[in-house]
Amino acid sequence: MKLTWLSSVENAHDDSVWACTWVPATDDRQGLLLTGSLDETVRLWRHNDGLARVNTLTGHCLGVVSVAAHPSGRIAASASIDSYVRVFTVDGNDTIATLDAPSSEVWQLQFNPQGTTLAVAGGSSASVKLWDTAEWKLNATLSIPRPEGIKPSDKSGNKKFVLSVAWSPDGRHLACGSMDGTISVFDVARAKFLHHLEGHNMPVRSLVYSTAPLDKRVLFSASDDGQVHIYDSEGKTLIASLSGHASWVLSVDASPDGAAIATGSSDRTVRLWDLKMRAATQILTNHTDQVWGVAFQPPGGTGVRNHLLASVSDDKGISLYSYS
Amino acid sequence: MACVYIPVQNSEEEVRVVLDQLPRDASDILDILKAEQAPLDLWLIIAREYFKQGKILQFRQILEEGSSPEIDEYYADVRYERIAILNALGAYHSYLGKIETKQREKEEHFIRATQYYNKASRIDMHEPSTWVGKGQLLLAKGDLEQAFNAFKIILDGDRDNVPALLGQGCVQFSRGRYSDSLELYKRALQVYPQCPGAVRLGIGLCRYKLGQYEKAKQAFQRVLQLDPENIEAFVALGILDLQTNESAGIKRGMEKMQRAFEIYPYCAMSLNYLANHFFFTGQHFLVEQLTEIALAVTNHGPTKSHSYYNLARSYHSKGDYEKAVRYYMASVKESNKPQEFVLPYYGLGQVHLKLGDLKSSLSNFEKVLEVYPENCETLKVLGHIYVQLGYTKKAQEFLKKATKNDPRDAQAFLDLGELLISTDAGDALDAFKTARNLLKKDGEEVPIELFNNIGVLHFERGEFQLAEQTFMEALGDGIWVKFIGSNAPPDPNVEAGSNPREETQYNPINKLNLERVIEEGYDTMKEADSDNMKVKSEHVEGAQFNHTGKSVFRPIAARLSILKFTHMQVFQQLEENGIAVELPCDKISTLFNLARLLEQSHNTEAACILYQLILFKYPDYIDAYLRLAAIAKARNNVQLSIELIGDALKVDDKYANALLMLGDLELKNDDWVKAKDTFRAAKDATDGKDSYATLSLGNWNYFAAVRSEKRAPKLEATHLEKAKELYTKVLVQHTANLYAANGAGVVLAEKGQFDVSKDLFTQVQEAASGSVFVQMPDVWINLAHVHFAQGNFALAVKMYQNCLRKFYYNTDSQVLLYQARTHYEAEQWQDCKKTLLRAIHLAPSNYTLRFDAGVALQKFSASTLQKTKRTVDEVRATVAELKNAVRLFSLLSVASNLHFHGFDEKKIETHVGYCKHLLEAAKVHCEAAEREDQQNKQRLELARKVIVAEENRRKAEEQRKFQLKKRKEEDDLRQVRQQEEHLERRKEQWKSSTPGSKRKDRPQVEDDDGVQGEKRRRKGGKRRKRDKKSRYETEEAEADEPEEMEDEDASMNYRESYDQINDQDDQVEDNPQDLLAAAGLEDSDAEDDAAVPPSNASRRRRAWSDSDEGEPQQRQNESSPVRENSVDMQESD
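What counts and how
- Residues numbered from 1 in each chain as written.
- Chains lettered and ligands numbered in written order.
- Predicted model: local features only at pLDDT ≥ 70, side-chain atom pairs only at ≥ 80, totals over all residues.
- Heavy atoms only, no water.
- Helix = DSSP H or I, 4+ residues; strand = E, 2+ residues; numbered from the N terminus.
- Buried < 20%, exposed > 50% of the residue type's maximum accessible area, 1.4 Å probe, protein only.
- Contact = heavy atoms within 4.5 Å.
- Areas by Shrake-Rupley, 256 points an atom, 1.4 Å probe, with all protein chains shown as cover.
- Axes fitted to C-alpha atoms, helices over the stretch in contact; angles between N-to-C directions.
- Parallel < 35°, antiparallel > 145°, perpendicular 65-115°, else oblique.
- Left-handed = near helix turned anticlockwise from the far one by under 90°.
- Nonpolar A, V, L, I, M, F, W, Y, C, P; charged D, E, K, R; others polar.
- UniProt positions renumbered as here; feature names shortened; annotations may be inferred.
- pLDDT = per-residue confidence, 0-100.
- Pairing = 2+ DSSP bridges.
- Expected span 1.5 Å × (residues − 1).
- Arc of directions from axis to C-beta.
- Disulfide = S-S within 2.5 Å.
- Salt bridge = Lys/Arg side-chain N within 4 Å of Asp/Glu carboxyl O.
- Core = buried A, V, L, I, M, F, W, Y, C linked by side-chain atoms within 4.5 Å.
- Patch = residues over 30% accessible without salt bridge, like charges linked within 9 Å, V, L, I, M, F, W, Y side chains within 5 Å.

Notes on the overall build of chain A
Secondary structure summary: chain A contains 0 helices and 28 strands in total. Considering chain A as a whole, with its 324 residues, one finds that 69% of them fall into the buried category. Residue pairs in contact within chain A that sit at least 24 positions apart in sequence constitute 44% of those at least 6 positions apart. Carbon and sulfur atoms form 47% of the exposed surface of chain A, whose accessible area is close to 10300 Å².

Considerations on the overall build of chain B
From N to C terminus, chain B includes 53 helices and 2 strands. Total accessible area computed for chain B in this model is approximately 56000 Å², and 50% of it derives from carbon and sulfur atoms.

Some words on the packing of helix H7 (residues 128-141) of chain B against helix H8 (residues 144-157) of chain B
All names here are of chain B. Here H7 crosses H8 at 165°, and the two axes come no closer than 8 Å. Compared by their axis directions, H7 and H8 come out roughly antiparallel. The hand of the H7/H8 crossing is left-handed. The residues of H8 that touch H7, namely those facing Pro128, Trp131, Val132, Gly135, Gln136, Leu138 and Leu139, are Leu144, Gln146, Ala147, Ala150, Phe151, Ile153 and Ile154. Looking at the contact of H7 with H8 residue by residue, the classes come out as 11 nonpolar, 3 polar and no charged.

Some remarks on the packing of helix H5 (residues 79-99) of chain B against H7(B)
Residues and elements named next belong to chain B. At a minimum axis distance of 9 Å, the contact between H5 and H7 shows a crossing angle of 10°. Considered as vectors, H5 and H7 are oriented roughly parallel to each other. Between H5, through Ile83, Asn87, Ser94 and Lys98, and H7, the contact on the second element is made entirely by Ser129, Thr130, Leu137 and Ala140.

Observations regarding the UniProt feature "repeat: WD" (unreviewed entry) in chain A
Mapped onto the present numbering, the UniProt feature "repeat: WD" (unreviewed entry) falls at residues 10-45, 57-98, 99-141, 155-196, 197-241 and 242-283 of chain A. As annotated, residues 10-45 of chain A has a helix share of 0% and a strand share of 47%, and its two end C-alpha atoms lie 13 Å apart.

Re the UniProt feature "repeat: TPR" (unreviewed entry) in chain B
Residue and element names in this part refer to chain B. This chain's UniProt record puts "repeat: TPR" (unreviewed entry) on residues 128-161, 162-195, 197-230, 305-338, 342-375 and 376-409. This span, residues 128-161, is 82% helix and 0% strand, and a straight line between its end C-alpha atoms measures 8 Å. Here residues 162-195 is 79% helix and 0% strand, with 9 Å between the C-alpha atoms at its ends.

Section: the confidence of the model for chain B
Residue and element names in this part refer to chain B. Confidence in the prediction of chain B, expressed as mean pLDDT, is 70, and 75% of residues score 70 or more. At the level of individual helices and strands, chain B shows its lowest average pLDDT in helix H28 (residues 500-505), which scores 30, and its highest in helix H45 (residues 829-842), which scores 89. In this model residues 486-565 is a low-confidence stretch, pLDDT under 50, and it forms 157 contacts with partners more than four residues away in sequence or in other chains.

As for the sheet that holds strand E15 (residues 173-178) of chain A
Adjacent strands of a sheet form backbone hydrogen bonds with each other and so pair up, either parallel or antiparallel. Residue and element names in this part refer to chain A. The 4 strands lie next to each other as E14-E15-E16-E17, forming an open sheet whose pairing is antiparallel. The sheet is open, and its two borders are formed by strand E14 (162-167) and strand E17 (192-197), each paired with just one other strand. Each adjacent strand pair in this sheet contributes to an overall mean axis angle of 25°, direction not counted. Here 5 bridges tie E15 to strand E16 (residues 183-187), and the two strands are oriented antiparallel to one another. Residue leucine 174 lies in a different strand from E16, and its bridge partner there is phenylalanine 186.

Considering helix H43 (residues 793-808) of chain B
All names here are of chain B. For H43, with 16 residues, the first-to-last C-alpha span of 21 Å sits near the 22 Å given by 1.5 Å per residue. All of the buried residues along H43 are Ala796, Val797, Met799, Tyr800, Cys803, Leu804, Phe807 and Tyr808. The arc that holds the buried residues of H43, viewed along the axis, is 160°, so those residues lie on one side. Buried residues along H43 sit against helix H41 (754-768), helix H42 (777-789) and helix H44 (813-825).

Examining the environment of Gly698(B)
All names here are of chain B. Structurally, the position occupied by glycine 698 is in helix H38 (residues 691-707). Note: C-alpha distance between glycine 698 and glutamate 725 (27 residues apart in sequence) is 7.8 Å. Filtering out sequence-adjacent residues up to four positions away, glycine 698 remains in contact with Ala723, Leu726 and Tyr727.

Notes on the state of the cysteines
Residue and element names in this part refer to chain B. Under the definition given, this model contains 0 disulfides over all chains. The structure places no disulfide on cysteine 170, whose sulfur is separated from the nearest cysteine sulfur, that of cysteine 206, by 9.4 Å. Exposure remark for cysteine 170: the relative accessible area of 27% places this residue in the partly exposed category.

A look at the pattern of salt bridges
A side chain with one charge can pair with a side chain of the opposite charge if their charged atoms come near. All names here are of chain A. Taken as a whole and assessed by the stated rule, the structure comprises 31 salt bridges over all chains. Between arginine 43 and aspartate 14 there is a salt bridge, with its nearest N and O atoms 3.6 Å apart. Taken together, the positions of arginine 43 in strand E4 (residues 42-47) and aspartate 14 in the loop between strand E1 (3-9) and strand E2 (17-23) put the pair 29 residues apart, joining distant regions of the chain. On the basis of relative accessible area, arginine 43 is assigned to the buried category, the value being 6%. For aspartate 14, a relative accessible area of 54% gives the class exposed. The partner of aspartate 224 in a salt bridge is arginine 205, and the shortest N-O contact between them spans 2.9 Å. You can see aspartate 224 sitting in the loop between strand E19 (218-223) and strand E20 (227-232) and its partner arginine 205 sitting in strand E18 (residues 204-209), a full 19 residues away along the chain. Exposure class is identical for aspartate 224 and arginine 205. Each is buried.

A look at the nonpolar core
Grouped together as the largest cluster of nonpolar side chains are 181 residues, with contacts concentrated most on Leu118(A) and Leu174(A). With residues near it in sequence (within four places) discarded, Leu174(A) still touches Ala119(A), Val128(A), Leu130(A), Leu142(A), Val165(A), Ala166(A), Trp167(A), Ser184(A), Val185(A), Phe186(A), Val188(A) and Tyr209(A).

Digging into the pairing of E18(A)
Residue and element names in this part refer to chain A. By the criterion of burial, E18 is predominantly enclosed, with 6 of the 6 residues buried. In this structure, E18 lies alongside E19, joined through 5 bridges in antiparallel fashion. Note that in E19 the partner of serine 206 across the bridge is alanine 222.

Examining unusual backbone geometry
Residues and elements named next belong to chain A. Although it is not a glycine, alanine 126 sits at a positive phi angle of roughly 55°. Exposure remark for alanine 126: the relative accessible area of 10% places this residue in the buried category. Of note in the backbone geometry, arginine 268 takes a positive phi value of approximately 75° without being a glycine. With respect to the element layout, arginine 268 can be found in the loop between strand E23 (260-265) and strand E24 (270-274).

Quick look at a nonpolar patch on the surface
All names here are of chain B. Judged by side-chain polarity, Tyr264, Tyr266, Ile293 and Val297 come together as a nonpolar surface patch covering roughly 340 Å² of accessible area. On the secondary structure map, isoleucine 293 appears in helix H16 (residues 284-297). With relative accessibility at 31%, the residue isoleucine 293 sits in the partly exposed group.

Points about H16(B)
Here H16(B) contains 14 residues, and its C-alpha end-to-end distance of 20 Å stays within 8% of the 20 Å for a straight helix at 1.5 Å per residue. Among the residues of H16(B), those classed as buried are His284(B), Val287(B), Glu288(B), Leu290(B), Thr291(B), Ala294(B) and Leu295(B).

Some thoughts on the environment of Pro203(A)
All names here are of chain A. Tracing the chain through its elements places proline 203 in the loop between E17 and E18. On a C-alpha basis, the gap between proline 203 and serine 164 in space is 9.4 Å, while along the polypeptide they are 39 residues apart. Non-local contacts of proline 203, meaning those with residues more than four positions away in its chain, are made with Leu163, Ser178, Met179, Gly181, Ala222, Ser223 and Asp224.

Structural notes on the pairing of E20(A)
Residues and elements named next belong to chain A. The element E20 is largely enclosed, with a buried count of 6 among its 6 residues. Burial of the side chains of E20 extends over both faces: Gln227, His229 and Tyr231 are buried on one face and Val228, Ile230 and Asp232 on the other. Two strands pair when backbone bridges link them, and E19 and E20 are joined in this way by 5 bridges, in the antiparallel orientation. Bridge pairing in E20 links phenylalanine 220 to isoleucine 230. Here E19 folds back onto E20, and the loop between the two strands holds 3 residues, one of which, glycine 226, carries a positive phi near 85°. With 6 bridges joining them, E20 and strand E21 (residues 237-243) adopt antiparallel strand pairing.

Brief notes about the environment of Gly238(B)
All names here are of chain B. Turning to its location among the elements, glycine 238 is positioned in helix H13 (residues 231-243). You can call glycine 238 buried: its relative accessible area is 0%. In this structure the C-alpha to C-alpha distance between glycine 238 and lysine 256, which are 18 residues apart in sequence, comes to 5.2 Å. The contact partners of glycine 238, leaving out residues within four places of it in the chain, are Gly253, Lys256 and Met257.

What follows is the structure, given as structure tokens:
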């Protein structure tokens, strides 16, 4: 496996780029890259011989921390520091809904594979909010149970601040990572908390389930402790810990073929990890500042053997690689 | 049968004296000689005969009688014989003087000899033999110049005088002019070929001195042919043989020495050489005997010195240093000139060194060095002595010289390297490398310590790859190889474009091995763990794996490693499975260093395994516990870290480093009292000598001073004073302690002495930017704080940014907060906002940041609204930001219900209220601005219309003009035609009259006038329109005025209310001491806020936040000389 650098866009945004995701292709257009930035905009990019900007979408206040695309490729959502989730059409930038659940911040977003639910990491509410995508109503709140013996006034309540979410490939489970390093797994259908996955003691900023058809229970987590953990999310066990990043691991994504994962870190590098060897096989140093997001293009279309990987960074730039 | 005949006086008869049968009593002969008035030559012959027979007394008796005054009188005219007798006496006394050891008697003899020669000279000034005698005497006295003159006088008279030639030869030899000497001896031989062998001895010696050993040898052999018992020749030949330095030669030499010894057992030279031989064969008893004889028989200083040296050496090698010293001393005393015989000085130096008398040893070796300034051994020894005496510089000098003189001496390079470690790591590394290469070249085994040192030096220089290679080479093969996984981190430069095959090559095979090793251990364990083994999936490419049917992801190993931080079970399992887990004890340090290296290059997993391997085999290796604890701490696993330190303390509860680390952790846990006790314990454990303990206490005091939310000035002052005292104490002990200097700077800054503290910080910063191990972001931050406090905002921002980038990979929200605060003070609102948003993004659960962001937005809006001139866009942006501020504050207000953060609800309400008020006011503004904008638009529209109208008009005009022109042209044409017609007519008329044509021209002129008038009119119209425009402008200006008035009123209001809110801010700023403290934005509002102190406490970072790293890191220096702040950490390697 190998990443080959394709192109980079310098100053893709006016300020740090914090989030990226691929919007699936629709009937009338190819898949697009969606990026969110501190400059309060969300931008769309098309890839053919380098990245070309398609559109700049405004209407996001105080920095976009996360973006998510609906499986249909028609709509997308963004979360900003002002704690609003804005749902908009990809092609027209028409606001469909503005989601707000008071007293909870919003961080990472993800649509479930079926596209019926949008999960939003709920920050200090220590919960994940599930929004119905048909009517944009709050469907359920998956709360992390408070450890017993802790008074509500205890500051440690803060530590369960939820930062990241990930849907299992079948959409039945949902994992969320929090500031204190614990990962909580929920049964979505029953809206029930299942268990914690332990091992990190620093914020878990990114989570992703394995895409390999036979390793569906495998969950990858990226944490500020510089480690990437591989969990069996149902067996509650830590399978392996990958060390190598010199600073926080900010983002992790699994390759569509399930054989590798890519990580982005504060140490300004993007690493490609071979899951068989459990070692970094490639270190890419295109970026000059923290790499906030990495995203593999989902396996859309017909028989595309090469997948794209995008990385976005505080250096305002986007880099694109092909994975083969 | 030799005999002499003494003629009987006055007769023809003669008395026959058989020389062999001379009477015992010389008086008998004397009587005869006197009675018969025998010729003086007979006297001499008889005296000489006595001398030959060893009857010295008789010899003297006869000669003394023969030189008595009555003889002189009687034989007054027999001059030559009288002179001969005197000369014989002179020569005799010269000889006595020469061999006499007692100074007084020696001189007496010489005086006597001089007297005789003088007497002889009085008889005949020019007698050569007298001069020869005189020359010999002078030679014996050591007066070479005069002897030379004496011999010269003779040779000037008779250049073939053999005795003089020999004498002069001797003089030249003694003067060291061997070739001259050789010439003289040769001439003597030519003149007198039958001369005794001794002359050839001289030739041999000259040749020897000239380095012509073969010819010397021939000469000596010739001597032996002539005189088979000539000891000197034997000894000389023996020495020559010995000097060949071949075993055969030495054997021959020793045989010759033995022969000499057999011929004459009292030749000191041969004795010495024999003793020397037996010293090397180890027969010390013989050595002693021989040298004692030698000492007894000789008075010759250098020879004696040699003998003493032999004796001393013998005792030296037997370990009897007392006696050795005595004899070396004796030897030194005998020769007294190190130039001639330097060995005893060397021996003396060695023995003194052995006895610990460094000073004496030093002086002796220095004497050796004077003689042999290039001698490596001596240079090295001197280097060592200087090291021990503490003169590192000098030691380095000597060792460097030694390595220069002998670039193949591995030991010297090794020594030099060790010496340089503390001063110049680069040179030390070079020296070590040279030593390693030399050892390798010689096929010797390179000691693991050397590899270790090279590795550590590479490590310190940040050359991790090289360091790792070296460590691996040092460790060789062993179980650890299997545990070191992806040790060679992929080359970051290998990227796009390179051959894909190459890239797959760094398939870290070791990693697979690790898996296998662990799996082997795992197989036996899996049954017990089968519950956990539900993952039965097979990886797509998992078939390549040996263990098909099992998941690629094997839960066991990593779970153990991470959660429990222990591989003990795995190791045990491995042993049970028959795989030996072995770790030779000389490799622990290197293994530990390797682990440190892996840790440093972020391969913490492998590092953990190695540390645990060490602990598995050597559970007392505390440092491994501490490193594991440090790793846990870095991952914020405080609990585990404390447990690990607990384990370490179980091994040694007085281990200062463990205690100190525990203290740090307790502090991190906010366990103040405990932390202080721990630090105290650590300090006691080291008798207060460990600067780190003192430093920690200093930090503790500083924290205590600034932490209390209700600042008690008195308490604060005492704590600060105490902190300062402790820092100073450390600085006194170790003047180069950066952390103490930093601490002192902080205290000074806290007291408002910014300039002093700035200097301090700058110096510390410079000093800290040299080593891989010294990471001091704190000092950068402190420096930035000082810049900030002094109002140097731009510089402060720059400093914060550099610090963030250099040390934190831009991940520290606290430093971002400082930066935001600086922007805030500098009124750079957008930068402030962006910085705060970044901080929030990094630390989403820090509500203080959100609050600050709200405040910044609010302030921005307020200040924009206060501005007298602003654009609509600005006002709009203000409104937007105000909305954001309201949003932020209201979110906080909601969150405060849930007690997530410590903000006072009321205060937030105030902010929300204020912002809302501001927003309303702003709305007015916005409306006004929009109205204005509307007007502007209208105006623009109007202007546009005017322009359009103008344009239309212009077009119409042009149209008209065009038509006019056209008409005119038509007119002209018509006119021309008319004129032509006219002309035709005229022509016809001309025939009658001409004047009518003038009148007909007029209408044309009128037409022209008409066009001009039209133009004039148009210009006037333009002017009018311009007037209209300026009238609009004035209207505008008039319309603006009332609005501005309103503005001012409104902003007055804001100002008032804003001032209330900012009162605290201002108070803080009034107090210079607090300026620094106010570096966190939250201070302005958090004075009475219970939740803020923790961030307050961490507000100023200080030495320890990193020095806790620093200390254990230094621990890996074990085998290298230890730096001053890790005095007690050296491991015996």
